[in-house]
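# Coordinates in review
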Amino acid sequence: MSSLPEPGQFTFFHTLRVRWAEVDPQSIVFNGHYLTYADVAITEYFRALGVAYPADLAQDGGDFFAIRTLLEYRAPARFDDELQIGIRSARLGRSSLTFALGIWRDGELLTSGEIVYVHADGATRSSAPLPQWLREKIESFEKTRPQG
């Protein structure tokens, strides 16, 4: 990640509250839960696009597979914190979709990162071009056109 994300860079946010089961003995959110938070927010991003995941992709025989994740932890979240998770499509490749993410608490950036998914044939798991209908939905939803 070359620069810190700012809330204004995101069209979509999902809010969630940290649950007791997500904190470790240090009373902070265990690092692995941030990927779960990102996954929940990405699912809600697709819902905001009007895409029923995974059913809509399965109609074309496709699916998404995560191939890369990067998280940078800047400050800890704690039990009962209300988190705002920003998700945006940062890059649309031939078969890949890169999501940028930021997690904030009361305007303070706690975590930033990216997750890269590859669209693939559901049966063979070999990469396949992103469906044009999905590209169009993403490009019309985002404030800025994703790279790619």
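The rules behind each value
- Residues numbered from 1 in each chain as written.
- Predicted model: local features only at pLDDT ≥ 70, side-chain atom pairs only at ≥ 80, totals over all residues.
- Heavy atoms only, no water.
- Salt bridge = Lys/Arg side-chain N within 4 Å of Asp/Glu carboxyl O.
- Helix = DSSP H or I, 4+ residues; strand = E, 2+ residues; numbered from the N terminus.
- Buried < 20%, exposed > 50% of the residue type's maximum accessible area, 1.4 Å probe, protein only.
- Core = buried A, V, L, I, M, F, W, Y, C linked by side-chain atoms within 4.5 Å.
- Contact = heavy atoms within 4.5 Å.
- UniProt positions renumbered as here; feature names shortened; annotations may be inferred.

## Details of the pattern of salt bridges
Enumeration according to the criterion identifies 8 salt bridges in this entry. Between arginine 17 and aspartate 80 there is a salt bridge, with its nearest N and O atoms 3.7 Å apart. Placement of the pair is arginine 17 in strand β1 (residues 12–17) and aspartate 80 in the loop between β2 (62–73) and β3 (82–92), with a sequence separation of 63 residues. Taking the relative accessible area as the measure of exposure, arginine 17 reaches 42% and is therefore partly exposed. On the basis of relative accessible area, aspartate 80 is assigned to the partly exposed category, the value being 41%. What you see here is one network of salt bridges that share partners, running through Arg17, Asp80 and Glu82.

## A look at the nonpolar core
Core analysis: the biggest nonpolar cluster contains 33 residues, and Tyr37, Phe46, Phe64, Leu83, Ile87 and Phe99 have the highest contact counts within it. Listed by contribution, the elements that provide at least two residues to this core are β1, α1 (33–49), β2, β3, β4 (96–105), β5 (108–121) and α3 (132–141). No other element matches the 8 residues that α1 contributes to this core. Leaving out residues up to four positions away in the same chain, phenylalanine 64 has contacts with Phe46, Tyr53, Leu57, Leu97, Tyr117, Val118, His119, Leu130 and Leu134.

## Let's talk about unusual backbone geometry
With the exception of glycine, most residues fall at negative phi, and the peptide bonds are largely trans. With an omega of 5°, the peptide bond running from tyrosine 53 to proline 54 counts as cis. On the secondary structure map, proline 54 appears in the loop between α1 and α2 (55–59). The backbone phi angle of arginine 125 is positive, close to 60°, even though this residue is not glycine. Mapping arginine 125 onto the fold places it in the loop between β5 and α3.

## A word on the UniProt feature "domain: Thioesterase" (unreviewed entry) in the chain
Following the UniProt record, the feature "domain: Thioesterase" (unreviewed entry) maps to residues 28–109 here. Its end C-alpha atoms 15 Å apart, residues 28–109 is made of 27% helix and 43% strand.

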